[in-house]
Amino acid sequence: MVALGPIGKPRSVWLVLLLTIVTFGIWTIVWSYQNGQELRLHARTGIGGVGYLFITLLLSPVTMFLMAGEVEQLYRREGKEPPITTIWGLWFLLPLIGNLIWYFRIQRSINEYWVAHGSTVSPGL
């Protein structure tokens with residue numbers, strides 16, 4: 001088993017959505033960077049924050065598949081059934097509501113993982 005790195009920071013799903021709306025979507029770039037970097041540092045795999053930054057800027061729907069896949073692997077490495085899988089990226093096909101559903105599910109899945117691994121930060125879900 002690979003040694004795991006630092007635990008990431010749970011984020012409020014509602015705050016992420018509010019910031020995304022207020023910044024006309026720009027927050028998704030920051031959010032992708034932050035989560036991607038934390039996933040990379042913790043799991044020691046994945047494309048990291050800079051990778052997510054560029055992919056979100058150039059082909060944002062790809063982010064939905066990649067991040068869901070990375071979160072899925074976090075759970076599978078521990079022998080647990082993941083609450084989200086790579087296929088969840090297909091939510092981008094349903095304009096607006098699909099993105100909202102995806103953000104809720106991915107952020108909650110990440111939050112649950114961080115909390116289960118000792119994060120003391122309350123995400124304020």
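Quick summary incoming for the structure in this document.

Reading guide: rules and limits
Residues numbered from 1 in each chain as written. Predicted model: local features only at pLDDT ≥ 70, side-chain atom pairs only at ≥ 80, totals over all residues. Heavy atoms only, no water. Buried < 20%, exposed > 50% of the residue type's maximum accessible area, 1.4 Å probe, protein only. Helix = DSSP H or I, 4+ residues; strand = E, 2+ residues; numbered from the N terminus. Arc of directions from axis to C-beta. Phe/Tyr/Trp six-rings, centres within 6.5 Å; stacked < 30°, edge-to-face > 60°. Patch = residues over 30% accessible without salt bridge, like charges linked within 9 Å, V, L, I, M, F, W, Y side chains within 5 Å. Areas by Shrake-Rupley, 256 points an atom, 1.4 Å probe, with all protein chains shown as cover. Salt bridge = Lys/Arg side-chain N within 4 Å of Asp/Glu carboxyl O.

Some remarks on helix α1 (residues 13-22)
At step 1: Of the positions making up α1, those classed as buried are V13, V16, L17 and T20. What you see down the axis of α1 is that its buried residues fit within an arc of 95 degrees, all on one side. Residues of α1 that are exposed and point more than 90 degrees away from the buried face comprise W14 and V22.
At step 2: Immediately downstream of α1, the backbone of F24 shows phi near 55 degrees, a positive value.

Quick notes on the environment of S60
At step 1: With respect to the helices and strands, the residue S60 is situated in helix α3 (residues 48-77).
At step 2: For the pair formed by S60 and T28, sequence separation is 32 residues and the distance between their alpha carbons is 9.1 Å.

Here's the deal with the packing of aromatic side chains
At step 1: In total, this model carries eight aromatic pairs according to the counting rule given.
At step 2: Look at W88 and W91: their rings are 5.8 Å apart centre to centre, the planes differ by 35 degrees, and that puts the pair in the tilted class.
At step 3: A network of ring pairs unites the aromatic residues W31, W102 and Y103 as a single cluster.

With respect to a nonpolar patch on the surface
At step 1: On the surface, Y33, I47, V50, F54, L57, L58, L59, V62 and L66 cluster together to form a nonpolar patch covering roughly 820 Å² of accessible area.
At step 2: No other element matches the seven residues that α3 contributes to the nonpolar patch.
At step 3: Overall, the relative accessible area of 32% leaves V62 in the partly exposed class.

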